[in-house]
Amino acid sequence: MASGNQSENGHPDSTSDKSRIQKFYKRTIEERLLVLNEKKILNTEDYVSLLEEHHLLNREEADKMVENVIAVFGLPMGLGLNFLINKKSYVVPMVVEEPSVIAAVSSAAKVVRQAGGFMSESDEPVLIGQIQLVDVSHPMKVRQAILQEKKEILNLANSLHPNMAARGGGAVDLEVMIYPQSRNPGSMVVVHLLVDTRDAMGANLVNSMCEGVAPLIEKITNGQVYLRILSNLTDRSMVRASCEIPVELMKFNNSSGREVRDGIIRAAEFAAVDPYRASTHNKGIMNGIDPVAIATGNDWRAIEAAAHAYAARGSRYTSLTSWYKNDQGDLVGTIDIPLKVGTVGGSLKSNKAVAIAQRIIGVESARELAEVMGVVGLAQNFSALRALGTEGIQRGHMTLHARSVTSTAGAPAELFDRVLERLVDSGEIKVWKAKEIIEELKKETKAGRIETGESVEEEEMGTGFGKIILTGEHSVVHGKHAVAAPINLKMKAKIRDRDKDINVIIPRWGVEQKLKFGEDHQYSIYRSLEMILDNLGLRNRGMNIEIFPEVPRAMGMGGSSALAVAIIRGLDEHYQLGLTDQQVRELSFKSEDIIHGGASGIDNTVSTYGQLIMYRKADPPEMEELKLVKDIPIVIGLSGVESMTSGMVSKVREARQRYPEWYDTILDQMDRLALASKEAIEQYNLPKLGEIMNLNHGYLNALQVSCPEIEDLIQIARKSGALGAKLTGGGGGGAIIALCDSPEVQQNVKEGIRKEGYDALITEIKSTRK
């Protein structure tokens, strides 16, 4: 392992800490070079060479390196800073055109430095040369003959390069492999010549040794040698690097250290099991390693080949790094990667910039360079996973959860966005914190410290509520009773005038599409939108329909109904149409029928009125608002499996047509449970309501609309203290609801669900919504 200057207490000597340069990125290139010269990272000759650009290849020099040269192609060279590896500081030259790579590794190195730095170790720098014998009739006999003459073969190989052997390298061992031949008789025997190349890259050395010993191997075996060439799978030259980072050092943006740690671990687990993710994961690692290889004159193509071959060594391609939590709760990262590099050879002589980069990094051997490169790969991986994980937290469940908490806390519309912003900034996504922020903002508003002009725009936005069904999914489609409630998550729509055309814009989903009437639309929502505009006489108006979704897509929470209601109300607000709630409900029902086919009407009814209701499909539908003594605590668990309600509804309908007696019995029992749930709700008998929910889910399971993820979520919720848990919505994925009897149980259920890798939201059922 590399070693460096240390003070008497064993810590890095701060006087020799060359890798930390304050505000390096803010300086001009000339100022950066001067700082490097003053810190003795660049000697005077290299400083002048870089300043006056004498290090660049000219056409004449390039013409001697490769064929058919027409010009010299340039790439940026920057420096990775803050690296502390095996108690030694490094400034790492990197040649790369991709932005953010150098900043990312420097940021990661700064974090890890505070935790004591990286540790890195490497194997001896051994390359494998392969000599292939073909059409071998007695492979075991041949193998034994080769191994008996092992010493003679190694002596011959080393005699071809006596200087390498004198430096402690050379051919050190050989192995014999036997493989079947599929298209020719006999077997294939492959001799592996293991060569320690010391500080050289060693490709030419190993190839010449293989050529040199091939006649001897033919003589020993009476066989025919075919290929003689090195292998780029350098798994005898492994680098193993690691770091341990306490959670208090990992706070990033608005995410706590614990959230960052858990996000990185989840992302790493994804790459470990899924080859599609692993390929991108490992590409990020090589984003760090390849630029160092290029800067130091190494064969980055061979390094890439080795890394990916090693990642595919098992039953499937997998990740090169591992991230996990130790017993103290710290994040631990490791990388195991084949890295065979060199610090001597022709590239240093042919490219002046390589020689300068080698002097900047200041390594004393090829092994030390490999150890540094492994660390840079691990650092790049940390930064990439941290960004992915925290964006997932910030843009995914944290935004969703924070909006739910803000709404549950009763934030008024004119303060909602400010409460949400402060809540996320605080890192305490809790109802009590949101209420505290609401009171602070009310006082500030009263004191004239906050402008509330944006409330007019809020009022002009159309809103549709998301929903959960407590009892009666699927049976409600067949004329039975169901109980449903609005949730804090909504769809919002804003209409803006334009000269012509109708554009649909959903920034959060990356949608911006011109509505073309009469087309065979891929998504039924556009057919629904055509119907809405035609019914309201707005087909020929020019407008942007901007949609702001809070309800997750295809999670059984009434997203399509909420979207339709939000658009209808947005159009009503903007064009002053004077629609009644009844008209909004009827038009949104037509939309649901287009999207799902045979809709019951319960989703759009809840989305329109925002009330806890008992509902039965009829003409007109039967609807009764239910009164609550106090709020009912609920946790929503998201399976992450998108479900299509229309498909599940069709599945149940077809099964009922095949076996009407059996299915009607189930639907009748579900009807009884829905009626009983109304009574339990009005009496605030939560244990009874929980049992009803459990039984209701049993019937839904009998209808075959559940899935493994839903069943897993339900078991987690029940084991965490929920009184009852069931799927909500169409099934086949989507979400569950868990009934709780206290905020403490809500928290336990939420944490239990998230611990197992799912998302969870805390909400409450109220009798009315404003």
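Please refer to the structure placed before this passage.
Just so it is clear, the model here is predicted, and its values are computed rather than measured. (Residues numbered from 1 in each chain as written. Predicted model: local features only at pLDDT ≥ 70, side-chain atom pairs only at ≥ 80, totals over all residues. Heavy atoms only, no water.)

Novice: Honestly, the overall build of the protein chain in this entry has me stumped. Any pointers?
Specialist: If you tally the helices and strands in the protein chain, you get 26 helices and 21 strands. Each principal axis of the C-alpha distribution contributes one length, and for the protein chain these read about 95 × 70 × 55 Å. The burial tally for the protein chain puts 53% of its 770 residues in the buried class. A fraction of 72% describes how many contacts in the protein chain between residues 6 or more apart in sequence connect residues 24 or more apart. (Helix = DSSP H or I, 4+ residues; strand = E, 2+ residues; numbered from the N terminus. Buried < 20%, exposed > 50% of the residue type's maximum accessible area, 1.4 Å probe, protein only. Contact = heavy atoms within 4.5 Å.)

Novice: How should I be thinking about the nonpolar core in this particular structure?
Specialist: The nonpolar side chains of a soluble globular protein tend to be buried, and buried together. Membership of the largest hydrophobic core comes to 58 residues, with the highest contact counts inside it found for Leu571, Ile632 and Ile636. Residue contributions to this core peak at eight residues, all from helix 19 (residues 559–575). Excluding its chain neighbours within four sequence positions, the residues that come into contact with Ile636 are Ile468, Ile487, Met557, Ala735, Ile736, Ile737, Asp759, Ala760, Leu761 and Thr763. Of all hydrophobic cores here, the second largest spans 54 residues; its members include Val101, Val105, Val363 and Leu369. (Core = buried A, V, L, I, M, F, W, Y, C linked by side-chain atoms within 4.5 Å.)

Novice: Just checking my understanding: could you explain the sheet that holds strand 7 (residues 224–231) for this structure?
Specialist: Strand-to-strand pairing in sheets goes through backbone hydrogen bonds, with the strands running parallel or antiparallel. An order of 5-6-4-7 is seen for the four strands of this open sheet, with the pairing classed as antiparallel. At either end of the open sheet lies a strand with only one pairing partner, and these are strand 5 (170–180) and strand 7. Pairs of neighbouring strands in the sheet enclose a mean axial angle of 20°, with direction left out of account. Sheet topology places strand 4 (residues 126–136) next to strand 7; six bridges connect them, and they run antiparallel. In the strand pairing of strand 7, Gly129 is matched with Leu230. The strands touched by helix 5 (residues 139–148) are strand 4, strand 5 and strand 6 (187–196); relative to strand 5, the strand with the most contacts, the crossing angle is about 175°. The strands that helix 8 (residues 203–221) touches are strand 4, strand 5, strand 6 and strand 7; relative to strand 7, the one it contacts most, it runs at about 155°. (Pairing = 2+ DSSP bridges. Axes fitted to C-alpha atoms, helices over the stretch in contact; angles between N-to-C directions.)

Novice: Just to check I follow, could you spell out helix 26 (residues 743–755) for this structure?
Specialist: At 3.6 residues per turn, the α-helix brings residues three or four places apart onto the same side. Over its 13 residues, helix 26 extends 18 Å from the first C-alpha to the last, a length consistent with the 18 Å expected when each residue adds 1.5 Å. Those residues of helix 26 that sit buried are Val745, Gln746, Val749, Lys750, Gly752, Ile753 and Arg754. Phi turns positive, to about 95°, at Gly757, one or two residues after helix 26. (Expected span 1.5 Å × (residues − 1).)

Novice: What is the right way to look at unusual backbone geometry in this model?
Specialist: Note: most peptide bonds trans; most residues except glycine with negative phi. At the junction of Asp619 and Pro620, the peptide bond is cis and its omega measures out at 0° in the coordinates. Along the chain, the position of Pro620 falls in the loop between strand 16 (613–616) and strand 17 (622–625). Not every positive phi belongs to a glycine, and Arg198 is a case in point at roughly 55°. Judged by relative accessible area, Arg198 falls into the partly exposed class, the value being 24%. Backbone geometry at Gln576 places phi at a positive 50°, although glycine is not the residue there. Mapped onto the fold, Gln576 is located in the loop between helix 19 and helix 20 (581–596). For Gln576, a relative accessible area of 64% translates into the label exposed.

Novice: What exactly am I supposed to notice about empty space enclosed by the protein here?
Specialist: Remark: the empty space left among the atoms is shown by a probe the size of a water molecule rolled over them. According to the stated counting rule, one finds one cavity of 30 Å³ or more in the structure shown. Taken as a whole, the largest cavity spans an internal volume of roughly 60 Å³. For the lining of the largest cavity, the elements supplying multiple residues, two or more each, are strand 8 (238–245) and helix 14 (366–408). The element that contributes the greatest number of residues to the lining of the largest cavity is helix 14, accounting for three residues. Taken together, the residues of the lining of the largest cavity sort by class into seven nonpolar, two polar and three charged. (1 Å grid on protein atoms, 1.4 Å probe; cavity = no way out; pocket = protein on both sides within 12 Å on 5 of 7 lines; lining within 4 Å. Points joined across faces, edges and corners; volume = space filled by probe spheres on them. Nonpolar A, V, L, I, M, F, W, Y, C, P; charged D, E, K, R; others polar.)

Novice: Where do I start with a nonpolar patch on the surface in this structure?
Specialist: A cluster of nonpolar side chains, namely Tyr226, Leu227 and Ile229, defines an oily patch on the protein surface of about 320 Å² accessible area. Structurally, Tyr226 is set in strand 7. (Patch = residues over 30% accessible without salt bridge, like charges linked within 9 Å, V, L, I, M, F, W, Y side chains within 5 Å. Areas by Shrake-Rupley, 256 points an atom, 1.4 Å probe, with all protein chains shown as cover. Salt bridge = Lys/Arg side-chain N within 4 Å of Asp/Glu carboxyl O.)

Novice: What exactly am I supposed to notice about the pairing of strand 18 (residues 632–638) here?
Specialist: Along any regular strand, the residues point their side chains to alternate faces of the sheet. Of all seven residues in strand 18, seven are buried, a share of seventy percent or more. The side-chain alternation of strand 18 yields two buried faces, one formed by Ile632, Ile634, Ile636 and Leu638 and the other by Pro633, Val635 and Gly637. In this sheet, strand 20 (residues 735–739) lies alongside strand 18 in antiparallel orientation, the contact comprising five bridges. Note that in strand 20 the partner of Leu638 across the bridge is Ala735.

Novice: Sorry, what's going on with the packing of aromatic side chains here?
Specialist: Here the structure, examined in full by the defined rule, presents three aromatic pairs. Ring plane angle 45° and centroid distance 5.8 Å describe the contact between Trp323 and Phe382, whose orientation is recorded as tilted. In this pair, Trp323 sits in strand 9 (residues 321–325) while Phe382 sits in helix 14, placing the two residues 59 residues apart along the sequence. For the pair shown, Trp323 and Phe382 are each scored as buried. Positioned above the aromatic ring of Tyr310, the side-chain terminus of Arg313 is 3.8 Å from the ring centre. Looking at Arg386, its charged tip hangs above the ring of Phe252, at a distance of 4.0 Å from the centre. (Phe/Tyr/Trp six-rings, centres within 6.5 Å; stacked < 30°, edge-to-face > 60°. Lys NZ or Arg CZ within 6 Å of the ring centre and 35° of its normal.)

Novice: Even after reading the chapter, I still don't get the pattern of salt bridges, so can you show me in this structure?
Specialist: Should their charged atoms come close, side chains of opposite charge can pair. All chains considered together, the criterion is met by 30 salt bridges. Note that Glu436 is salt-bridged to Lys433, the shortest N-O span being 3.1 Å. A residue pair is termed a helical-turn pair when its members lie 3 or 4 positions apart in one helix, as Glu436 and Lys433 do in helix 16 (residues 431–446) at three residues. Glu436 sits in the partly exposed class, given a relative accessible area of 35%. Across the pair Arg569 and Asp581 runs a salt bridge, and its minimum N-O distance is 3.0 Å. With Arg569 in helix 19 and Asp581 in helix 20, this pair connects stretches of sequence that are 12 residues apart. Judged by its relative accessible area of 18%, Arg569 is buried. Residues joined by salt bridges that share partners form a network here, namely Glu124, Asp196, Arg198 and Arg367.

Novice: What is the right way to look at the environment of Ser159 in this model?
Specialist: Mapped onto the fold, Ser159 is located in helix 6 (residues 150–159). Overall, the relative accessible area of 48% leaves Ser159 in the partly exposed class. Considered as a pair, Ser159 and Gly212 are 53 residues apart in the sequence and their alpha carbons are 9.6 Å apart. In this structure the side chain of Ser159 is engaged in a polar contact, spanning 2.6 Å, whose partner is the backbone oxygen of Leu156. (Polar contact = N/O pair within 3.5 Å; in protein donor to acceptor, adjacent residues only side chain to side chain.)

Novice: Can you help me understand the pairing of strand 9 in this one?
Specialist: Note: strand 9 against strand 10 (residues 331–338), five bridges, orientation antiparallel. The residue bridging Trp323 from the neighbouring strand is Gly333, located in strand 10. Linkage of strand 9 to strand 10, two consecutive antiparallel strands, is achieved through a turn of five residues, within which Gly329 is found at a positive phi near 90°.

Novice: For this particular structure, what's the right way to read the sheet that holds strand 21 (residues 759–765)?
Specialist: Read from one edge to the other, the open sheet built from four strands follows the order 19-20-18-21, with strand pairing classed as antiparallel. The open sheet terminates on both sides in strands that have one partner only, identified here as strand 19 (724–728) and strand 21. If you compare each strand with its neighbour and ignore which way they point, the axes differ by 25° on average. Across seven bridges, strand 18 lies against strand 21 in antiparallel orientation. In the strand pairing of strand 21, Leu638 is matched with Asp759. Against the sheet, helix 24 (residues 686–702) engages strand 18, strand 19 and strand 20, with an angle of about 45° to strand 19. This element, helix 26, spans strand 18, strand 20 and strand 21 of the sheet and lies at about 155° to strand 21.

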